Amino acid sequence: MITLVAVALCFTAVALAVGLVRARRAHARALQERGWLLERERQSAARNAVDAERARIAQDLHDIVSHNVSVMVIQAGAARHVLTSSPDEASAALLAVEAAGRDTMAELRHLLGLLAPSVDSEELSPQPSLSRLSPLIDRIAFAGLPVEVRISGDPRPLPAGVDVTAYRIIQEALTNALRHGDGVKAEVSVRYADHALRVEVLNTGPSILTPGRPSSDSGSGSDSGSGSREGRGLLGLKQRVAVYGGDLDARRRLGGGFRVRAKIPLERP
């Protein structure tokens, strides 16, 4: 009798062990499938963000080309009217036409491959530019985040695409800081170096060492959560900066807050 009980217990133990192994394998498969689905979702979200950024590049380039072609038409007409009476004025107008044409062609060469299939010509707005930072800073400050701006170096006209890109970096970084910072302050630095434009945006926030800090970051740096919507926005900007041979880095600061830093060459690669 005792032997039968022992045998029964052994069979029960073996069955439980087999069941446990099967349960663990099933759990492992479920985790693997979930990870695969999450990775697919992350990749799909990243592709959507890049597509959205390309569409915005298309609109920006549309504005650049429209503006420069308008300048060319106006200056060419002025040159025609004064061609015989004022050769110097005609020469200056033709030089303006040439400069506008060169700038437009440069933007086409560097951005045409990233364009979306179409743009809406009905929705025209002033071209984003570092010269129009003040309204953006005012909007962010009105929303609750004071911003200090520092401009160094020798401010000068920039290639239109670089100008737009620098503005978009600041816009995206301040928007993320407004959503995820502590609302104390943000700092924007723009430096005009001899051969590059440097842009940096800093904002205050909880230290990276603070217990219970959010697990997702509002950027796209080496230690940031690439699945966040803000991270995907910076991912698109990183691609845009790379078009000009530059680089963009976004990461949490050890002392607290977030930093977005970009360097864009002012000489074509």
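Shown above is the structure to which this text applies.
Below you will find a few notes about this structure. None of the values given here were measured: they were computed from a predicted structure.

1. Considering the sheet that holds strand S5 (residues 258-265)
Taken in spatial order, the 5 strands make up an open sheet running S1-S2-S3-S5-S4, and their pairing is mixed. Either end of the sheet is taken by a strand with one partner, and the two such strands are strand S1 (147-153) and strand S4 (247-252). Geometrically, the sheet is characterised by an average inter-axis angle of 10 degrees between neighbouring strands, direction not taken into account. Here S1 pairs with strand S2 (residues 186-192) via 7 bridges, running parallel. Bridge pairing links Arg150 to Ser189 in S2. Contacts from helix H4 (residues 160-180) reach S1, S2, strand S3 (196-203), S4 and S5, with the element oriented near 10 degrees to S3.

2. Examining the pairing of S2
With 5 of its 7 residues buried, S2 lies for the most part within the structure. What joins S1 to S2 is H4, and the crossover it makes is left-handed. Summarising the sheet, S2 and S3 pair through 7 bridges and their orientation is antiparallel. Paired with Ser189 across the two strands is Glu200, which belongs to S3. The loop that links S2 with its antiparallel partner S3 comprises 3 residues.

So, how was this worked out
Residues numbered from 1 in each chain as written. Predicted model: local features only at pLDDT ≥ 70, side-chain atom pairs only at ≥ 80, totals over all residues. Heavy atoms only, no water. Pairing = 2+ DSSP bridges. Helix = DSSP H or I, 4+ residues; strand = E, 2+ residues; numbered from the N terminus. Axes fitted to C-alpha atoms, helices over the stretch in contact; angles between N-to-C directions. Contact = heavy atoms within 4.5 Å. Buried < 20%, exposed > 50% of the residue type's maximum accessible area, 1.4 Å probe, protein only. Right-handed = clockwise from strand over helix to strand, strands pointing away.

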